Amino acid sequence: LHVAAYSLIVPFEMREELYDNLYDEFGQGDFSQAHPNLFEPLMNHFGGAREEDINAETRHLLNTKINLCWFADGLHHGIGGMGALELSIPLQQRRILAHLRRRGLSKELVKFFVVHCELDEDHGDGWFAAGMPYMVTREDFQKVFSAAMRMLDARVGVYDGVLAGILSRRDLQHLSA
């Protein structure tokens, strides 16, 4: 959603890259392969998403995406935040994918991570390449860098929040045993 909204404020020449990103996110014309649909079987395997699973860190990441792409100083913050996020996802998700495979999860259950690892490196490069003509001054680059760091910090927070939730549940299970 944030990519679609951001595409409305960027220069027209940049929109092709964003629309390519959306096309990939929504299954390249096959809605059954849309990323939310690929992620759902994995979530269901682990008991499904519950309201209490949504932590403050996940909300902070969503708010950061919305702020950088919709409300911030526009173009440069969105390029930096989303470009950095897209470039960082393959490295992060390859590690998650390797762990899930070691646990013996099926190809169908891990397909979300396989697809993201394949696509997001190109997406990140594409975001920065499409935005490069609009990064002219030192201030432009500073805005891009600052937004990239904000987004990556928010993403790390999600992993920290997930880990804290896992450890908390383990503690509760240990106490009740």
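See the structure above.
Residues numbered from 1 in each chain as written. Predicted model: local features only at pLDDT ≥ 70, side-chain atom pairs only at ≥ 80, totals over all residues. Heavy atoms only, no water.

Peer 1: Looking at this model, I keep getting lost on the overall build of the protein chain. Mind explaining?
Peer 2: Helices and strands together make up the secondary structure of the protein chain, namely seven helices and zero strands. Listing each helix as α and each strand as β along the protein chain from the N terminus yields α-α-α-α-α-α-α. In terms of its C-alpha atoms, the protein chain occupies a principal-axis envelope of roughly 60 × 35 × 25 Å. For the protein chain, the residues scored as buried account for 41% of the 177 residues in total. Of the roughly 10,700 Å² of accessible surface on the protein chain, 60% is carried by carbon and sulfur atoms. (Helix = DSSP H or I, 4+ residues; strand = E, 2+ residues; numbered from the N terminus. Buried < 20%, exposed > 50% of the residue type's maximum accessible area, 1.4 Å probe, protein only. Areas by Shrake-Rupley, 256 points an atom, 1.4 Å probe, with all protein chains shown as cover.)

Peer 1: I would appreciate a short explanation of the packing of helix α2 (residues 15-25) against helix α6 (residues 107-131) in the present structure.
Peer 2: How two helices pack is summed up by the angle between their axes together with the distance between the axes. Relative to each other, α2 and α6 sit at 165°, their axes nearing to 9 Å. Judged by the inter-axis angle, α2 sits roughly antiparallel to α6. With respect to the hand of their crossing, α2 and α6 are arranged in left-handed fashion. Of the residues in α6, those in contact with Glu17, Leu18, Asp20, Asn21, Asp24 and Glu25 of α2 are His116, Leu119, Asp120, Asp122, His123, Gly126, Trp127 and Ala130. For the contact of α2 with α6, a count of residues per class yields four nonpolar, four polar and six charged. (Axes fitted to C-alpha atoms, helices over the stretch in contact; angles between N-to-C directions. Parallel < 35°, antiparallel > 145°, perpendicular 65-115°, else oblique. Left-handed = near helix turned anticlockwise from the far one by under 90°. Contact = heavy atoms within 4.5 Å. Nonpolar A, V, L, I, M, F, W, Y, C, P; charged D, E, K, R; others polar.)

The values reported here are purely geometric and, on their own, carry no functional implication.
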